[in-house]
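What follows is the residue order along each chain.
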Amino acid sequence: MEKEVAAVAEGWRLTPQASVGVTHFLTDNAPTAEAEFADGSDGFSARSDLDRTYLDLELGVDLASAGGVGLRATGQLGQDTERYGGALKLTMAF
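Given the structure is predicted, the values throughout are model-derived calculations rather than measurements. In this convention, every chain numbers its residues from 1, walking through the sequence in written order. The predicted origin of the model limits local features to residues at a pLDDT of at least 70 and limits the giving and counting of side-chain atom pairs to 80 or more, whereas totals for whole chains, interfaces and linings rest on all residues. Values shown for side chains rest on all heavy atoms present in the structure; no hydrogens or waters enter the calculation.

(A) Looking closely at the pattern of salt bridges. A carboxyl oxygen of Asp or Glu within 4 Å of a side-chain nitrogen of Lys or Arg is what we treat as a salt bridge. One pass over the full model with this rule turns up three salt bridges. With its nearest N and O atoms 3.1 Å apart, the salt bridge here joins Arg47 to Asp49. Judged on exposure class, the residue Arg47 and its partner Asp49 are both exposed. For Asp62, the salt bridge identified is with Arg72, shortest N-O distance 3.2 Å. You can see Asp62 sitting in strand β4 (residues 53–64) and its partner Arg72 sitting in strand β5 (residues 68–77), a full ten residues away along the chain. Each of the salt bridges in this network shares a partner with another, and the network as a whole consists of Glu58, Asp62 and Arg72. Only protein chains enter the accessibility calculation, which uses a 1.4 Å probe; a residue is then buried when its area is under 20% of its type maximum, exposed when over 50%, and partly exposed in between. What counts as a helix is a DSSP run of H or I of at least four residues, what counts as a strand is a run of E of at least two, and both are numbered from the N terminus.

(B) Fine view of the sheet that holds β4. Only strands that DSSP links by at least two bridges are regarded as paired with each other. Spatially, the four strands line up as an open sheet ordered β1-β4-β5-β6, and their pairing is antiparallel. Of all the strands in the sheet, just β1 (13–24) and β6 (82–91) have a single pairing partner and so form its edges. Averaged over all pairs of adjacent strands, the angle between strand axes in this sheet comes to 10 degrees, irrespective of strand direction. In this sheet, β4 lies alongside β1 in antiparallel orientation, the contact comprising twelve bridges. Its bridge partner being in β4, Ser19 is matched across the sheet by Glu58. Angular values range over 0 to 180 degrees, each being the angle between N-to-C directions of two axes fitted as lines to C-alpha atoms, with helices fitted over their stretch in contact.

(C) Structural context of the packing of aromatic side chains. Ring geometry is summarised as follows: Phe, Tyr and Trp rings, the Trp one being its six-membered ring, pair when their centres sit within 6.5 Å, and such pairs are stacked at plane angles under 30 degrees, edge-to-face over 60 and tilted between the two. Scanning the model with the defined rule gives two aromatic pairs in all. Centre to centre, the rings of Phe25 and Tyr54 are 6.4 Å apart; their planes meet at 70 degrees, and the pair counts as edge-to-face. Pair noted here: Phe25 is in the loop between β1 and β2 (32–35) and Tyr54 is in strand β4, with a separation of 29 residues, a long-range link. A relative accessible area of 27% means that Phe25 is categorised as partly exposed. Seen from their ring centres, Phe37 and Phe44 are 5.9 Å apart, and the 45 degrees between their planes marks the pair as tilted. Judged by its relative accessible area of 44%, Phe37 is partly exposed. A ring is scored as having a charge over it whenever the NZ atom of a lysine or the CZ atom of an arginine sits within 6 Å of its centre and within 35 degrees of its normal. One cation-aromatic arrangement involves Arg83 over Tyr54; the distance from NZ or CZ to the ring centre is 4.9 Å.

(D) Representation of the side chain of Asp56. Topologically, Asp56 is positioned in strand β4. Note on charges: Lys and Arg go in the positive column, Asp and Glu in the negative column, and His and the chain ends are not counted at all. Buried within the structure, Asp56 lacks any salt-bridge partner; Arg83 is the closest side chain of opposite charge, at an N-O distance of 7.7 Å. Polar side-chain contacts of Asp56 include one of 2.5 Å to the side chain of Thr23. The contact partners of Asp56, leaving out residues within four places of it in the chain, are Ser19, Val20, Gly21, Val22, Thr23, Gly75 and Gln76. Any pair of N or O atoms that falls within 3.5 Å is considered a polar contact. Within protein, one atom must be able to donate a hydrogen and the other to accept it, and sequence-neighbouring residues count only if both atoms are side-chain atoms. The contact criterion used throughout is that any non-hydrogen atoms of two residues lie within 4.5 Å.

So this is what it looks like as C-alpha cells:
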C-alpha cells in the first residue's frame, strides 16, 4: 500500500507505506549444510529448524523532493521465531 498523504512544504511530499505478507515453506523447513576439510579430516554438518510459516510486516515513510529520505521497519514473526530490521534510504537526483 502506498499513497501520498500530504505536501509537507512546497516541493516536498510525505508518503507512508505498509505491507503484510506470508512466507510458507512448501518443502523441508529444516535445511542441512555439510562441509569437509581439505586436509581430509572429518567434516561436519549443520542443521537449522525453521518455522514453517511466517507473517511478514513492513512499515515505512518517505519524505521526498528532488531527493529524499526513506525509513523502513520490518518484522518476520513465526511460531518460535521473531526477526526485526530497519533501513534508512537517502536519494539524490543528479
